[in-house]
Structure formats: C-alpha cells, structure tokens
Amino acid sequence: MPRAGLTPAIVVEAAARLVDEVGPEKLTLASLAQRLGVALPSLYKHIRGLDALLQKVSALATAELAAELSDAAVGRSGTDAVRALAAAYRDYARRHPGRYLTTQWVPDPGDPQHVAAGERAVNVLYAVLRGYGLSGDDAVDATRAVRSAMHGFIVLEAGGGFGLPRNVDRSFDQMVTALDIALRHWPSGRSGMRRSAQGAPR
C-alpha cells in the first residue's frame, strides 16, 4: 500500500526538490523513495517510471518558469521588458538549478499541461519581441537567440565557468544590453530591413 496521503502531485514535488539538489541526471527512484520514506515499489502506485517522473518534473518546472516570466514582463515593453525577463529567468535558474535544466526539454506532446506551459513561456517572449516589431520567423529566430544567450550564461555561471576578474552580474547586465541592441536592429529574414523598437523600418 502507498504511504497514506501520498499522491502523484506530492511525488512530483518531492522529485523536483531532489532534482534541485542532485540534478536531473542523478535522480533515481530509490533516492526518491528514501526521501519520501516509502518502499520503492510504492512509488509505482503513483508514477510509471523514472522517465515519466522526469517528464512531470519538466512540466512542473516549465509552468513555474512561465508564470514567473509572465509576472516579470507584464506591463513592460522594450528594454524594460527584456531586462525584467532576463532577471526573472536567471533568478529562477539560481533558485532551482536542477529543475531549470528540465525546462529546456521539448514538452511531451502527450501531456496537455506540459504543452500549455511550454506555449505560455514562449508566448511571453513573443509578446516582448512584438515590442521590437518582431513577428513570424523573425520572432522565432530572435527567441532562439535570446534563449541561447541566457541559457549559455546560466549554465556557465552555475558550473563555475567564469574565472576572469570581472563582476559576473555586470557581465550579465552587459549581455542583456547587447541583446536589447540586437533586437532593436534585428536583420529581417524577409527583407533585410532593420527595425526600430517600435517596429518602423529604418
């Protein structure tokens, strides 16, 4: 019998906390069962296996991140929006280093909540990019560029990859400033025209 009061949601929450401690690649069902104080077979009353559990952790983390990005960007536009978005993104990764990594996984198409969370996160960034006059393929390209820059910085920072004598916070701020400049002068995939932050060709 499963432990009284144990539910799939509780199992996923516990797994997410453990993932923050050890990383998704080191999560095991045995360690989770020990953390929950149950026998390993009891977990299978609530989850199908490790891969399914990690997918649920990814869905949870993606929903959390999407909510924080949305809260950060609401009512802002242009430079203010990008700065708020970047700060929220980095802050979430610092507070939840393990589950943050799972937000980079493609949502499971068989999990509507996971798909919806992924779409919400991307739509927040799309909304910010519209303030720069970017849409369609340009928005997709810009989204990938922004994600790549922020994710690369976060992973390097978390891994101790910045050893030069320069304040890391200042470097992050400069990177965000550079992203803002790049977005203001994004090379259109359709016409090559540059856009201002308001979307007018220039």
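This text follows the structure it describes.
Source: prediction; values computed, not measured. (Residues numbered from 1 in each chain as written. Predicted model: local features only at pLDDT ≥ 70, side-chain atom pairs only at ≥ 80, totals over all residues. Heavy atoms only, no water.)

S.K.: Requested: an account of the overall build of the protein chain, with residues and values cited.
M.R.: When helices and strands are counted, the protein chain shows 9 helices and 0 strands. Scanning the protein chain from its N terminus toward the C terminus, one meets helices and strands in the order α-α-α-α-α-α-α-α-α. Taken along its principal axes, the extent of the C-alpha atoms in the protein chain is 70 × 40 × 25 Å. By residue count, 41% of the 202 residues in the protein chain fall in the buried class. Within the protein chain, contacts between residues separated by at least 24 positions form 64% of all contacts whose residues are at least 6 apart in sequence. Accessible surface, the protein chain: about 10,800 Å² in total, of which carbon and sulfur atoms supply 56%. For the protein chain, the centre of its 24 positive side-chain charges and the centre of its 20 negative side-chain charges are spaced 2 Å apart. (Helix = DSSP H or I, 4+ residues; strand = E, 2+ residues; numbered from the N terminus. Buried < 20%, exposed > 50% of the residue type's maximum accessible area, 1.4 Å probe, protein only. Contact = heavy atoms within 4.5 Å. Areas by Shrake-Rupley, 256 points an atom, 1.4 Å probe, with all protein chains shown as cover. Lys, Arg positive; Asp, Glu negative; His and termini not counted. Charge placed at Lys NZ, Arg CZ, Asp CG, Glu CD.)

S.K.: Describe the nonpolar core, and please don't skip the residues or the numbers.
M.R.: The biggest cluster of nonpolar side chains holds 33 residues, and the ones touching the most others in it are Leu69, Leu85, Tyr89, Val128, Leu129, Leu134 and Leu183. Contributing elements (two or more residues each) for this core: helix 4 (50–73), helix 5 (78–95), helix 7 (112–130), helix 8 (136–158) and helix 9 (168–184). With 19 residues, the next largest nonpolar core counts Val12, Val19, Leu53 and Val57 among its residues. (Core = buried A, V, L, I, M, F, W, Y, C linked by side-chain atoms within 4.5 Å.)

S.K.: Describe in detail the pattern of salt bridges, supporting the description with residues and values.
M.R.: Tallied over the entire structure, the rule returns 12 salt bridges. Arg99 is the salt-bridge partner of Glu64, the closest N and O atoms lying 3.1 Å from each other. Here Glu64, found in helix 4, pairs with Arg99, found in helix 6 (residues 97–102); they are 35 residues apart in sequence, far enough to count as distant. Residue classification places Glu64 among the partly exposed positions, given a relative accessible area of 21%. Overall, the relative accessible area of 5% leaves Arg99 in the buried class. With its nearest N and O atoms 2.4 Å apart, the salt bridge here joins Glu68 to Arg95. In this pair, Glu68 sits in helix 4 while Arg95 sits in helix 5, placing the two residues 27 residues apart along the sequence. Among the residues examined, Glu68 registers a relative accessible area of 25% and is labelled partly exposed. Taken together, the shared-partner salt bridges in this structure form one network comprising Arg90, Arg94, Glu157 and Asp169. (Salt bridge = Lys/Arg side-chain N within 4 Å of Asp/Glu carboxyl O.)

Keep in mind these values describe shape, not function.
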